[in-house]
Amino acid sequence: MTRYFTEDTSVEAVNARMGEDIDPRLKTVMASLVTHLHAFAKDVDLRQEEWDFAIDFLTKTGQICSQERQEFILLSDVLGFSMLVDAINNRRPSQATENTVFGPFHVDNAPIREMGDTISLDGKGERCRYEGRVMDLHGAPIEGACVDVWSDNADSFYDVQQPDIQPKWNNRGRFFTGKDGRYLFYGIKPVSYPIPDDGPVGKMLSALGRHPYRPAHMHYLVTAPGFQKIVTHTFVGDDKYIADDAVFGVKETLIAPFEYVNDGETIWRSPFDFVMVPAAEPVS
Ligand code: BEZ
Ligand code: FE
């Protein structure tokens, strides 16, 4: 039994302190966390001033958090950790629509709109027709699916970032599918934008020689009774940042066509189908 803490026995010394009858999952997670955290410090021979800097960084990350700003999620996003946790928790059959990072800009209870309505309320940007089907794994249409969408405006900001400038609910809406499982709405072709980079995470990115940009995307939260929810985006494939999204959210299957159809009013058409997995369906 390890009695005293040394560099060599550090992991055992800490993990041996856990009680016998604690939650077994908590025990597994904490034992692994301590193992990997100590291995990290040993691997890099962590200097005292580096750890002091890290504590200061984490303190500042907490201090900038508010109702409107979640810097810890941003940190998790730029470290690829949000996408990793999302991948672990959303393993799906290959024909199903893939998930990606949720992001901080979703707002619950966006207006329910009629099929064919526009979500763009500020008159800016290039009008785009978004359409497709919501289906199950066998291609059967799903009736009553909620397609909740949101995007930035042509100036690269979400409405919630500019409450005094943009109309409320600009570039947001919810659409419910009918019997044919189809959805159709108008928005704008989204544009790339920087994630909030005026805090500790932005400083970290710059110290690492990384930019804060996300490639242009349309967000979707697709839900239907009896099916696993899909949290995803569709991406504009020729975007400058498609290969180096600041938060690693791009997946090849989520790059959607943006077809140039310019009819004088609508400039783009972006078709995309969503394939949902029944609740609790195992991965094939
Ligand atoms: C977004 O796409 O809205 C987003 C995702 C992660 C971090 C910041 C923004
Ligand atoms: Fe976004």
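Note that the coordinates shown come from a computational prediction; the quantities given were computed from them, not determined experimentally.

A. Quick peek at the nonpolar core. The biggest cluster of nonpolar side chains holds 27 residues, and the ones touching the most others in it are Tyr130, Val134, Val149, Tyr183, Phe185 and Tyr220. Going through the elements one at a time, strand S1 (127–135), strand S2 (146–150), strand S4 (182–188), strand S7 (217–223) and strand S8 (230–236) are the ones with two or more residues in this core. Beyond its immediate stretch of four places on either side in the chain, Phe185 contacts Gly116, Asp117, Ile119, Cys128, Arg129, Tyr130, Val149, Phe175, Met218 and Tyr220.

B. View of a negative patch on the surface. A surface patch of negative charge is lined by Glu7, Asp8, Asp43 and Asp45. Turning to its location among the elements, Asp8 is positioned in the segment before helix H1 (10–15).

C. Structural detail: the domain arrangement of the chain. Splitting the chain by domain gives domain 1 (1–45) and domain 2 (93–197 + 208–275). Between the C-alpha centres of domain 1 and domain 2 there is a distance of 43 Å.

D. Focus on the site of ligand 1. The immediate surroundings of ligand 1 are formed by Leu74, Asp77, Gly103, Pro104, Phe105, Tyr158, Tyr193, Ile195, Arg214, His217, His219 and Val247. One of the side-chain N or O atoms of His217 is found 3.1 Å from an oxygen atom in ligand 1. His219 places a polar side-chain atom, nitrogen or oxygen, 3.0 Å from an oxygen atom of ligand 1. About the coverage of ligand 1: the protein hides 100% of its 270 Å² of free accessible area. Grouping the amino acids of the shell around ligand 1 by side-chain chemistry returns seven nonpolar, three polar and two charged.

E. Fine view of the coordination of the iron ion (ligand 2). For the iron ion (ligand 2), the protein coordination sphere consists of Tyr158 (OH), Tyr193 (OH), His217 (NE2) and His219 (NE2), at 2.0 to 2.1 Å. For the iron ion (ligand 2), the six donor atoms in the first shell make angles of 53 to 166° at the metal, so the coordination geometry reads as irregular. On the primary sequence, the residues serving as donors to the iron ion (ligand 2) are separated as Y-x34-Y-x23-H-x1-H. Placement of Tyr158 in the loop between S2 and strand S3 (172–176) and of Tyr193 in strand S5 (residues 193–194) is noted, with a sequence separation of 35 residues between them. Classification of Tyr158 by relative accessible area gives buried; the value is 0%.

Definitions and cut-offs
- Residues numbered from 1 in each chain as written.
- Chains lettered and ligands numbered in written order.
- Predicted model: local features only at pLDDT ≥ 70, side-chain atom pairs only at ≥ 80, totals over all residues.
- Heavy atoms only, no water.
- Core = buried A, V, L, I, M, F, W, Y, C linked by side-chain atoms within 4.5 Å.
- Buried < 20%, exposed > 50% of the residue type's maximum accessible area, 1.4 Å probe, protein only.
- Helix = DSSP H or I, 4+ residues; strand = E, 2+ residues; numbered from the N terminus.
- Contact = heavy atoms within 4.5 Å.
- Patch = residues over 30% accessible without salt bridge, like charges linked within 9 Å, V, L, I, M, F, W, Y side chains within 5 Å.
- Areas by Shrake-Rupley, 256 points an atom, 1.4 Å probe, with all protein chains shown as cover.
- Salt bridge = Lys/Arg side-chain N within 4 Å of Asp/Glu carboxyl O.
- Lys, Arg positive; Asp, Glu negative; His and termini not counted.
- Charge placed at Lys NZ, Arg CZ, Asp CG, Glu CD.
- Domains from an automatic or database assignment.
- Near = heavy atom within 4 Å.
- Polar contact = N/O pair within 3.5 Å; in protein donor to acceptor, adjacent residues only side chain to side chain.
- Nonpolar A, V, L, I, M, F, W, Y, C, P; charged D, E, K, R; others polar.
- Donors = N, O, S within 2.8 Å, 3.2 Å for Na, K, Ca; no water.
- Tetrahedral: all angles 85-135°; square planar, octahedral: opposite > 155°, others 65-115°.

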